[in-house]
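# Notes for the structure review
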Amino acid sequence: MSVVDVRKVSILGKESIHCGFHLVPYIVKTVTETLPSSTYVLITDTNVGNLHLHSFHTEFDKAPGNARFLTYVVAPGEGSKSREGKAEIEDFLLLNKCTRDTVILALGGGVIGDLVGFVAATFMRGVRFVQIPTTLLAMVDSSVGGKTAIDTPHGKNLIGAFWQPEYIFIDAAFLETLPAREFSNGMAEVVKTAAIWDEKEFAALESRAAEIFAAIQTPSTDFAGRASATRSPAQQLLLSVIAGSIGVKAHIVTIDERETGLRNLVNFGHTIGHAIEAVLTPAMLHGECVSVGMILEAEVARQLGVLSQVAIGRLTRCLKAYNLPVSLSDPRITSLPASSSLSVEKLLDIMKIDKKNSGPQKKIVILSRIGATYEQKATVVADLVIAKTLSEAVKVVPAFPSKSPIRMATPGSKSISNRALLLAALASGTCRLKNLLHSDDTQVMMNALVELRGAKFDWEDGGETLVVTGGAGSLSVPKDNKEIYLGNAGTAARFLTTVCTLVSAGSAEQRTVITGNARMKQRPIGPLVDALRANGSSIDYVESHGCLPLSIAPAGLKGAHIRLAASVSSQYVSSVLLCAPYAAEPVTLELTGGQVISQPYIDMTIAMMKTFGIDVERVKDDSGRLLDVYRIPKGVYTNPSIYNIESDASSATYPLAIAAITGATCTITNIGSASLQGDARFAKEVLEPMGCKVVQTETETTVTGPPLGQLKAIGLVDMEPMTDAFLTASVLAAVASLPPNEERTLRDGSRPTTTRIVGIANQRVKECNRIKAMIDELAKFGVETLELDDGLEVYGKPLSELKEGVSVRCYDDHRVAMAFSVLGSVVKDTVIEEKRCVEKTWPNWWDDLANKIGLEVEGVELPSVHGLGSASRPTEDNSQASVIIIGMRGSGKTFIGELAATALGWQFLDADAVFEQKHAIGVREFVQKNGWPAFRAAETEILLELLAHNSQRHVLSLGGGIVETQAARDALKAYAQKGPVVHVVREIDEIITYLGEETARPAYGEPVVDVFKRRQPWFAECCSYEFINYTGVLSSTDVLAEDDSKTAPSALSIRDEVSRFFHHVTGQRPNYAPNLAKGRRSYFLCLTYPDITPALPHIQKMTAGVDAVELRVDLLRPSQDFDKLGPYIPPTAYVNNQVAALRHKTTLPIIFTVRTVSQGGHFPDHAEKEAFELFIAAVRLGIEYIDVEISWSEKNILDLIARKGHSKIIASWHDWSGNMHWDGTAVEVKHRIAHEYGDIVKIVGKADGIEDNFALHQFVLRMQAAPDAKPIIAINMGVQGQMSRILNSTFSPVTHPLLPTKAAPGQLSFSEIQTALHLLGQLPSKRFFLFGTPIAHSMSPTLHNTAFEALGLPHKYELFETATVGEEIKAAITLPHFGGASVTIPFKRDIMPLLDALSPDAEVIGAVNTVIPVTREDGSTMLFGENTDWRGITQSIRRALPARMLKPQAGLIIGAGGTSRAAIYALWKLGVPTIYLFNRTESSAQALVDAFPDVNIKLVQELGKWPDEGPAPTIIISTVPASATSLKPSASDAIFLRSSILSAPGGVVIDMAYKPAETPLLVLAKNVGKEWRTVKGVEVLLEQGYEQFHLWTGRYCPKSIVADQVWKAYSMSA
Ligand SMILES: NC(=O)c1ccc[n+]([C@@H]2O[C@H](COP(=O)([O-])OP(=O)(O)OC[C@H]3O[C@@H](n4cnc5c(N)ncnc54)[C@H](O)[C@@H]3O)[C@@H](O)[C@H]2O)c1
């Protein structure tokens, strides 16, 4: 064996922990030599086994002696750490006759270590065992300390033992194969150990994260690292980190093996971390939860006043550097559905059962600084304190600040901190920096200066003070040519670029390299590099030109004249200025490029250089004008002994404002009149005129407020020099209820308590639109404001009049949160919703409020988003809520509203009509007489009355101008919470054309287009749904002409569309796909067009058989954008039009899908906001199904769910990686998430072989077995996955040969799937019959067989002619594969006794024309009788009836045979109030009257003469043979059809006779005029046949294909 160097760590008095690299030979040798045995058993999991088991085999084979070497491999993951898992191993050991001398080796992560350790502890009452941890977590934590355990369903680690291993071999080379996330998981424990115990170790972890990662990411070859000589610096570092961490744990364990006190310390972060883990496992790993736990527990320490923010900052940045989450709002956590259960209450509840607790009291390890804890054990912490840390919201308890007179410093200014740090490091002597703001910039700058050996840093006062020992400008190239990594710290990068030129030459080849993360490598540095190069420095770009990384020669800075372009960043200028004193020659810095940006920052640098002993001169021209030229003398900075970093002046406004508003006194100790920051003027210029006493020295500011409630308004104040402070001023102005001082009083008639803040327009584009935010949030307190172009007016009110209990939204803006906490200090129960947003500039604001100002702060838990209501979610109770219709005049509100009311069976009311009735005057005259404002007021009043008195089962259409008044808009928005407000949208051009003919209502008096533009946003804001009254594309293409249905389409389609839409929005009967029901198969067609309109003529053909159409919205593109490359966001208006066009042509529900590029579509990946805007637009259009990928952020998904109304969500997950296994846990996790979000779950994987489809099928069966199972779409992509598309039963996506491309590889057509199902025995061929006589010429076989063939169904429809209903028919209907039958004359009644049940329709009509075999739950078959004749008739009437004649007053039926029964029923169902019946034999007519006692049937003696002078019929149906009618009065054997029967202005005439095509009745109707529409018998036959087909197969009949064939056959037979 080659040389092996191990580092040994002692535990419990034995040096049993051996650390190194590539140790397998060493392990086997040590074990076999020092733990002699007859049997060695190595236990591992499959992951580790596959990677590393062979090397153990090789070594054991080589070992001397004849000991057995057995191996046992378990499944990876926590699941193996169970009682069963333990038993399996024990059985293996027993079966292999292992005895007490067996040595067990545990090779793997913590799961293996815990499980195998416990087996060893109890097998034969305990055998020797060895830990060979392979994860970082196991190396530094679980393997050390002898804790072993298994999990039970009752909890983790509940059964186990303390059992110490003989050895723990830490082979860090195993980490090279460990997934990065698992490595980070272990780093959480490493960071934790350093944080509680060893500040030096922590500092190394803090600064060397990149190297540590590099050590595991670069595989070592040739066993490098086994011997110290071959160990790379990275390996050395890694090993020292691991050994260091183990050393601490081993030390603690040695002192307190059984965890009675000290050992508790290693539980830092675990009290809260475990609770989080309990909720988020297995999606989040232990270390990840502990990482968040550490930050939260550190915040508890800060809240208790024990830990400084600096320490929290360091801990946070350090954990982040190892890719660990540091807050519960980390996207990795918020994207998990389980995260919604992370309530404060739940977490506290879980913490109750922590092992560390003493009784009910919770214990937390309290950090006092980095590297030390408050006590040598966990500390008892009150629930209230923990709750406050955990809660997202807070409230300040109003009181007089108990710490008044308050003396405090606010957090350091960021820019001053960066400069001070560099100055102190470059200076000679020692400087104590106080109040340093600890940011990424200062962190990396310190690391870099240490690498450059330019200064030394130490912390004092628990991190409050940074002690800098300056290097007087002496700098060296980092050791071993190490690169300096700057992350994304921009200021540091700019400052350090010049600093690196100062490095003195060691050897000529050495250079300093500074680099950063990917983002940093894109940020510009060019102008600075150009200036330095021009001055003689050698700087190379290592990667891309103009950006980091830079390689800088250590040649010193030449100096003399330096020219720098300063129009991009003032930091370039500061960088050169700060380093200039160390140049070889005195520097004259000339700024070029015209406009110099941010002069105040340059001035700040110069002022600070002066403090450190170097005077910079700004050159003036002869006239005394300042030039952009600076002279910097040579010299060395001298460190002042203390440098107080000035507070951020904007932050200082909050404590000062608290003094002002409460009447307390507050001194800010490091902001005064000498401050360079504009916001320092706040005290003098705002607070003093408000009535405060202000004392300001050069360095301090003291404010004493007037007594509570005595603040004065200040009239006009220009806050341009201190824009960030306007929010603070606004909250004070809100309670400034006294008028301003005389000189500030506004003389323009403003209200007496006005504070008019101007000069702050830039605040609209800060973290949020701050002006709007202040206006909106102040309004909640009842404070009135007025928005100005460049500011706002606030009207002060007495404190007592402000509303209490307000919940303030902060818009993730720290300044909004802090400003409103000032108001919260005097207004009771003011909740600040997002407390954490203060972290940006003042992370411990809430603690400082309590600890330094003396105001109590309480945690508040906000109601979760799940509980919130939404504008477009009418609940069950609201399904009767009236529908309100709004929209432009001329958009079709009345027309659509009436159709909607008819469809719903509700009452229609037009607000205009109600108006005229109430005021007994026309709208036009009213306006002429009283003017517009009076009309608007009256109109709004009517709206309120309508809402009050007609809130249920009404469709209310409102005037177009209703949205013009705020009051009406408010009423509409409020109503939208209860019921649907539908905006009828119509294109403006069409409105104009339409209005051209209209005069009934008042003219606008302004161009319609302007009115349209003004109202459009109001309509959108007030409505919850949009109905697109769509005619655009239809009229502009030849869609109509080419349409595939034979009769007038649009009247019916508009009516159907209106009906579907309003049934959906009211929730009365949403247009869902019935085949989604369990036990049925459903399909959808994917439309993959950029523009679907050209495909519309074929849509019926393409959708044959399917249950829905999917609109792939991401593929949509208007023609002008066809040739644009790359991802694309289609405009919403275009999408709306496409939806409307589609709905005109198909009644199928729509699935609305937006897939991004990485989800396999064309939508840009990062356009989440736009995607959800489209989803919300889809909800507003009443789209039935919305496909939402679960990878979108949870917040947006939950928001969509809250607003989805009656739309259903398909929550989908696509695995494009091909890594997902249907029998793995990942897919279950995805299923769980999708199940939580969706009404339907969709999971798409990839198949490598056919067996992947079986695994999928098993998965689906398993998931479907759950009691709360939801429909699941599960398919495998690719050709290998085609099988899954056949087996999938819910919404299988299908393509069609007419489509341009398949939506996904491997997609099949509907008919292909049916064929495949048939071949697989899943779709047996069935037989259908027509019973009747004579039937030889029937069109039914053509009809049904054409449909079967078109859909790929293997069925057959046959004629079955018999003389009577007898044994033959009985035999046919009981055949095993009987699929159904049509029944015609003369058996429609005779068949009835053979059937088990009749539909209510068939019952009433008293005739059956359709037999359907229905499978009962027990598997037996029941025969069901239905009548589709009447439906054929109603459908034909609805199709043919002109839209205007919606409500026929009377209908006429000629004949009283079997068919007339169906006709009567059809008219009755259509709501025709009077039905005339004419039959030559009156007695049979009377029999019908008797058969329908509820129907108003009037017998007609003579055609054309209507009883009781009733209205002329607009629907006429003849049910007698054509030969029984005649147009000649002389015909004695036929009914004379006189033209007076068509005396109504128009209507529909139907002749049920098939032959001839033109019956006398139809000829008569044609001759009378075009307002009479005619329907032939074959058309009715077709309609009833479509219905019949649907009943038998559950599939919509492919109407156009069938109709073509039937008409062809009919014309041939004619
Ligand atoms: N006993 C203790 O004191 C203690 C302390 C902390 C945690 N634990 C226990 O440890 C367990 C978690 O341990 P873990 O995080 O190591 O999980 P783990 O054992 O499940 O390992 C994580 C994953 O990494 C794989 N893996 C392990 N080593 C690998 C390598 N070198 N290369 C590639 N893949 C590798 C594993 O197969 C597994 O899939 C939990 O059960 C926890 O309760 C115990």
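Counting of residues starts from 1 at the beginning of each chain's written sequence and follows it residue by residue. Per-residue local features are limited, in this predicted model, to residues with pLDDT of at least 70; the limit for side-chain atom pairs, both in listing and counting, is 80 or more; totals at the level of whole chains, interfaces and linings are taken over all residues. Calculation of side-chain values draws on the structure's entire complement of heavy atoms; hydrogens and water are dropped beforehand.

Rules: UniProt positions are given in the numbering used here, feature names are shortened, and annotations may be inferred rather than shown by experiment.
By the naming in an unreviewed UniProt entry, the chain goes by Pentafunctional AROM polypeptide and is assigned to Lentinus tigrinus ALCF2SS1-6. Comment text from UniProt for the chain, heading Subunit (unreviewed entry), reads "Homodimer." Per UniProt, the chain has the following entry under Subcellular location (unreviewed entry): "Cytoplasm".

## A few points about the overall build of the chain
Where we set the bar: Only runs of H or I of at least four residues qualify as helices and only runs of E of at least two qualify as strands under DSSP, and these elements are numbered from the N terminus. Two residues qualify as a contact provided that any one of their heavy atoms is within 4.5 Å of a heavy atom in the partner residue. Using a 1.4 Å probe, the Shrake-Rupley method yields the accessible areas, and only the shown protein chains count as cover for residues.
If you tally the helices and strands in the chain, you get 54 helices and 64 strands. With the C-alpha coordinates of the chain rotated into their principal frame, the extents come out at 130 × 105 × 65 Å. In the chain, the proportion of contacts linking residues at least 24 apart, taken out of those at least 6 apart, comes to 75%. Accessible surface computed for the chain: about 63,200 Å², of which carbon and sulfur atoms make up 53%.

## Some details on the packing of helix H46 (residues 1340-1351) against helix H54 (residues 1599-1613)
For clarity, the threshold we go by: To define axes, lines are fitted to C-alpha atoms, for helices over the stretch in contact only, and angles between the resulting N-to-C directions are given on a 0 to 180 degree scale. Two helices that cross are described as forming a left-handed crossing if the nearer one is turned anticlockwise from the farther one by less than a right angle, and a right-handed crossing if clockwise. Under this grouping Gly is polar, as are all residues other than the nonpolar Ala, Val, Leu, Ile, Met, Phe, Trp, Tyr, Cys and Pro and the charged Asp, Glu, Lys and Arg.
It is the contact of H46 with H54, at a shortest axis distance of 9 Å, that shows an interaxial angle of 145°. Crossing angle aside, the handedness with which H46 passes H54 is right-handed. In contact with Thr1342, Leu1343, Thr1346, Ala1347 and Ala1350 of H46, H54 contributes Ile1601, Val1602, Gln1605, Val1606 and Ala1609. For the contact of H46 with H54, the class distribution of residues is 7 nonpolar, 3 polar and no charged.

## A look at the packing of aromatic side chains
Heads up, the condition is: Only Phe, Tyr and Trp rings take part, Trp by its six-membered ring, and two of them pair if their centres are within 6.5 Å. Stacked means planes under 30 degrees apart, edge-to-face means over 60, and tilted covers everything else. Each residue is placed in one exposure class: buried if its accessible area under a 1.4 Å probe, protein chains only, is under 20% of its type's maximum, exposed if it is over 50%, and partly exposed if it falls in between. Remark: a charge is flagged as sitting over a ring if the NZ atom of Lys or the CZ atom of Arg is within 6 Å of the ring centre and within 35 degrees of the ring normal.
A full pass over the atoms with the stated rule returns 41 aromatic pairs. Considering the side-chain rings of Phe915 and Phe926, the 5.0 Å spacing of their centres and the 85° angle between planes classify their relative orientation as edge-to-face. Of this pair, Phe915 sits in helix H29 (residues 911-919) while Phe926 sits in helix H30 (residues 923-930), placing them 11 residues apart in sequence. Like Phe915, the residue Phe926 is buried in the burial classification. When the ring of Phe1152 is compared with that of Phe1175, the centres are 6.4 Å apart and the planes differ by 70°; the resulting orientation is edge-to-face. Taken together, the residues Phe1152 in strand S45 (residues 1150-1153) and Phe1175 in helix H40 (residues 1168-1180) connect sequence positions 23 residues apart. Just as Phe1152 is buried, Phe1175 falls in that class too. Taken together, the ring pairs in this structure connect Phe1328, Phe1348, Tyr1357, Phe1589 and Trp1592 into an aromatic cluster. It is Lys86 that lies over the ring of Phe118; its NZ or CZ is 4.4 Å from the centre. Above the face of the Tyr1072 ring, Lys1208 is positioned so that its terminal group lies 4.8 Å from the ring centre.

## Things to note about the pairing of strand S38 (residues 883-886)
The line we're drawing: Strand pairing follows a simple DSSP-based rule, namely that at least 2 bridges must link the two strands.
Along S38, one buried face is formed by Val883 and Ile885 and the opposite face, lined by Ile884 and Ile886, is buried too. Two strands pair when backbone bridges link them, and S38 and strand S40 (residues 954-957) are joined in this way by 3 bridges, in the parallel orientation. Residue pairing across strands places Val883 opposite Val955, the latter belonging to S40. In this structure, S38 lies alongside strand S41 (residues 981-985), joined through 3 bridges in parallel fashion. Opposite Ile886, over in S41, you have His983 as the bridge partner.

## Describing the sheet that holds strand S46 (residues 1185-1189)
Backbone hydrogen bonds are what pair the strands of a sheet, in a parallel or an antiparallel way. Strands sit in the order S49-S48-S47-S46-S45-S44-S43-S50 across an open sheet of 8 strands; the sheet is parallel. Either end of the sheet is taken by a strand with one partner, and the two such strands are strand S49 (1272-1277) and strand S50 (1292-1294). Ignoring strand direction, the axes of neighbouring strands in this sheet form an average angle of 25°. Relative to strand S44 (residues 1108-1112), strand S43 (residues 1083-1087) runs parallel, the two sharing 4 bridges. In the strand pairing of S44, Cys1086 is matched with Glu1110. Strands in contact with H40 are S45 and S46; relative to S46, the strand with the most contacts, it is inclined by about 160°.

## Thoughts on unusual backbone geometry
What is expected of a backbone is that most residues other than glycine have negative phi and most peptide bonds are trans. Residue Pro1334 is bonded to the preceding Thr1333 through a cis peptide linkage, with omega at -5°. For the bond from Lys1555 to Pro1556, the omega torsion is -10°, close enough to zero to count as cis. By secondary structure assignment, the location of Pro1556 is in the loop between strand S63 (1547-1551) and helix H52 (1560-1568). Unusually for a residue other than glycine, Ala560 sits at a positive phi of about 60°. Within the secondary structure, Ala560 sits in strand S23 (residues 559-565). Judged by its relative accessible area of 23%, Ala560 falls in the partly exposed class. One non-glycine residue, Glu1509, adopts positive backbone phi at about 50°. With respect to the helices, strands and loops of the structure, Glu1509 is situated in the loop between strand S59 (1497-1499) and strand S60 (1515-1518).

## Description of the UniProt feature "domain: SDH C-terminal" (unreviewed entry) in the chain
Feature annotation in UniProt places "domain: SDH C-terminal" (unreviewed entry) on residues 1577-1606, given in this structure's numbering. Spanning residues 1577-1606, this segment combines 83% helix with 0% strand, and its end C-alpha atoms are found 12 Å apart.

## Focus on helix H6 (residues 180-197)
Counted only if it meets this: A helix is expected to reach a length of 1.5 Å times the quantity of its residues less one.
Between its first and last C-alpha, H6 extends 26 Å over 18 residues, near the 26 Å set by a 1.5 Å rise per residue. Judged by how many residues are buried, H6 sits mostly within the fold: 14 of 18 residues are covered.

## Topic: the nonpolar core
This is how the line gets drawn: In this text, buried Ala, Val, Leu, Ile, Met, Phe, Trp, Tyr and Cys residues form a nonpolar core when linked through side-chain atoms within 4.5 Å.
In this structure, Phe56 and Leu315 are the most contacted members of the largest nonpolar core, which totals 111 residues. With 11 residues, helix H9 (residues 233-255) is the largest single contributor of residues to this core. In terms of nonpolar packing, the next biggest core, distinct from the first, is built from 96 residues, Tyr1083, Ile1186, Ile1233 and Ala1347 among them.

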